[in-house]
Amino acid sequence: MMIVMKETATEEEVEAVAAKIERVGARAHRISGARVTVIGAIGDVEHDVSVQSLGLEGQPGVDRVMPILKPYKLASLEMAHGERTVLDLDGRKVGGDHFALIAGPCTVESREQTLATARAVRDAGATLLRGGAYKPRTSPYAFQGLGQEGLKLLAEAKEETGLPIVTELMDMRDMEAVLEVADVVQIGARNMQNYPLLAEIGRSGRPALLKRGLSSTLEELLMAAEYILKEGNPNVMLCERGIRTFETAYRFTLDLMAVPVLKELSHLPVIVDPSHAAGRRELVGPLSLAAAAVGADGIIVETHPNPDEAICDGPQALRTEDFAEYARTVEQAAALAGKALAGRDLALA
Ligand code: PEP
Ligand code: MN
């Protein structure tokens, strides 16, 4: 942390800031220029965080405070010495040069719909099956998911196809039930900053797919991931799913630049959700190709045997009959970025 003093700062004010820094165990290194004094607070990451919490910005004589280290540490690529996290989900790898194709319905509606989708995506080489049993809906009057019944259907789909399951946990009270079925727990965009929920998933040790909040910066996303990592759970995937911008021509703006930038900042795999960003099927194909080509570690996409009858998010769902062709083109785009579809051999075995 660097503390830049005002030109008018007195010797006493400089001393008072240095003393405060030393009280939290960091070293205060003074650099006196012709006009201003700068104090470097030197210590490890813990000390840097403590110095940050001193509120030095308001201290007499202080002009500004500039952090040197990133506020997240476990999520940062630097701290991992450049080594990227690769998750192993029942033998299916995600991260590194493995590309995950995660597909399935927005919400589990029925046995037929769930199993038909699971079979189609498995046959097309998908890595994981997605499907919500607890749905975060904007309207409290909209279908909220089948709950436990939905979880049972997901378990049956896994039993039959062998595909590991990604499903959302919204409420800590459903944790036990969700953990019985979920190979990967999805934290929805609206819960990205539900810190007690993140910590609980951290303590559970279960792999997590953490979606970026609707209006969250990448730093906020990484700080949210830090809550899970800090509890000793290293299995976190970040997910870009579109953010709010001034543009109204489409539902959200898919921030594809987030992919290479997150990869510069963090060692965690980055997944892209084109479905929720686009809101309509026609855009999902091209956005998926772009996401794969820009270096995403995977895609999470919605698909339905009969989207016109879907209870939720039908307009954005790919038709399962088109899914094999879609998967083939995504696989080619991923290959451009040096990645191969994970678990294809397992899915087709
Ligand atoms: C979903 O994946 O079904 C979903 C609701 O996503 P998000 O939290 O990104 O809106
Ligand atoms: Mn959906």
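None of the values given here were measured: they were computed from a predicted structure. (Residues numbered from 1 in each chain as written. Chains lettered and ligands numbered in written order. Predicted model: local features only at pLDDT ≥ 70, side-chain atom pairs only at ≥ 80, totals over all residues. Heavy atoms only, no water.)

Enquirer: Summarise the coordination of the manganese ion (ligand 2); cite the residues concerned and give the values.
Expert: Taken together, the protein donors to the manganese ion (ligand 2) comprise C106 (SG), H276 (NE2), E302 (OE) and D313 (OD), at separations of 2.0 to 2.4 Å. When the donors of the manganese ion (ligand 2) are listed by position in the chain, the intervening gaps give C-x169-H-x25-E-x10-D. With H276 in helix α9 (residues 274–278) and D313 in the loop between β14 (298–304) and β15 (318–319), the pair connects residues that are 37 residues apart, well separated along the chain. Each member of the pair, H276 together with D313, is buried. (Donors = N, O, S within 2.8 Å, 3.2 Å for Na, K, Ca; no water. Helix = DSSP H or I, 4+ residues; strand = E, 2+ residues; numbered from the N terminus. Buried < 20%, exposed > 50% of the residue type's maximum accessible area, 1.4 Å probe, protein only.)

Enquirer: Please set out the site of ligand 1 residue by residue, giving values where relevant.
Expert: If you check the shell around ligand 1, you find R130, K135, P136, Q186, G188, A189, R190, K211, R241, H276 and E302 and nothing else. A distance of 2.9 Å is found between an oxygen atom of ligand 1 and a side-chain nitrogen or oxygen belonging to Q186. The side chain of H276 places a nitrogen or oxygen atom 3.2 Å from an oxygen atom of ligand 1. Protein chains shield 97% of the accessible area of ligand 1, which is 300 Å² for the free molecule. (Near = heavy atom within 4 Å. Polar contact = N/O pair within 3.5 Å; in protein donor to acceptor, adjacent residues only side chain to side chain. Areas by Shrake-Rupley, 256 points an atom, 1.4 Å probe, with all protein chains shown as cover.)

Enquirer: Lay out the pairing of β14 in plain terms, naming residues and giving numbers.
Expert: Of all the seven residues making up β14, seven are buried; the element is thus mostly covered by neighbouring parts of the structure. Examined bridge by bridge, strand β7 (residues 98–104) and β14 share five bridges and lie parallel to one another. Directly across from A103, in β14, lies its bridge partner V301. Direction of pairing for strand β13 (residues 270–272) relative to β14: parallel, over a ladder of two bridges. Among the inter-strand pairings, I271 is bridged to a residue of β14, identified as G298. (Pairing = 2+ DSSP bridges.)

Enquirer: Explain the nonpolar core to me, and be specific about the residues and the numbers.
Expert: Ranked by internal contacts, the top residues of the largest apolar core, which has 67 residues, are L210, L238, V301, F323 and Y326. Among the elements that line this core, the one with the most residues is helix α7 (residues 218–229), at seven residues. When residues no more than four places from it in sequence are discounted, the contact partners of Y326 are L101, V284, G285, S288, I299, V301 and L318. Counting residues in hydrophobic clusters, the runner-up holds 15 residues, among them I3, A26, A41 and V51. (Core = buried A, V, L, I, M, F, W, Y, C linked by side-chain atoms within 4.5 Å. Contact = heavy atoms within 4.5 Å.)

Enquirer: Explain unusual backbone geometry to me, using residue names and the numbers behind them.
Expert: The phi dihedral of H81 falls on the positive side, at around 50°, and the residue is not glycine. Position of H81 among the secondary structure elements: in the loop between β4 (62–66) and β5 (87–89). Backbone geometry places D90, a non-glycine residue, at a positive phi of 50°. By secondary structure assignment, the location of D90 is in the loop between β5 and β6 (92–94). Note on D90: relative accessible area 45%, which makes it partly exposed.

Enquirer: Lay out the sheet that holds strand β1 (residues 2–5) in plain terms, naming residues and giving numbers.
Expert: Taken in spatial order, the four strands of this open sheet run β2-β3-β1-β4, and their pairing is antiparallel. Strands at the two margins of the open sheet, each flanked by one partner only, are β2 (27–32) and β4. With direction set aside, neighbouring strand axes in the sheet form an average angle of 20°. Bridge count between β2 and strand β3 (residues 37–42): six bridges; the pairing is antiparallel. Each bridged residue has a counterpart across the sheet, and for I31 the counterpart in β3 is V38. (Axes fitted to C-alpha atoms, helices over the stretch in contact; angles between N-to-C directions.)

Enquirer: Break down α7 for me, citing the residues and quoting the values.
Expert: Its twelve residues place the ends of α7 16 Å apart at the C-alpha level, agreeing with the 16 Å of an ideal helix rising 1.5 Å per residue. When α7 is considered as a whole, its buried residues turn out to be L218, L221, L222, A224, A225, E226, I228 and L229. (Expected span 1.5 Å × (residues − 1).)

Enquirer: Describe the confidence of the model for the protein chain, listing the residues and the values that go with them.
Expert: The predicted model of the protein chain has a mean per-residue pLDDT of 95, with 97% of residues at 70 or higher. Predicted confidence in the protein chain is weakest over helix α12 (residues 344–348), with a mean pLDDT of 62, and strongest over strand β12 (residues 236–240), with 99. (pLDDT = per-residue confidence, 0-100.)

Enquirer: Quick one: what's the story with the packing of α7 against helix α8 (residues 258–265), residue by residue and with numbers?
Expert: With their axes 11 Å apart at the nearest point, α7 and α8 run at an angle of 50° to one another. It follows from the interaxial angle that α7 and α8 lie oblique. When you trace α7 past α8, the crossing you get is right-handed. On α8, the residues that touch L218, L221 and L222 of α7 are A258, V261, L262 and L265. (Parallel < 35°, antiparallel > 145°, perpendicular 65-115°, else oblique. Left-handed = near helix turned anticlockwise from the far one by under 90°.)

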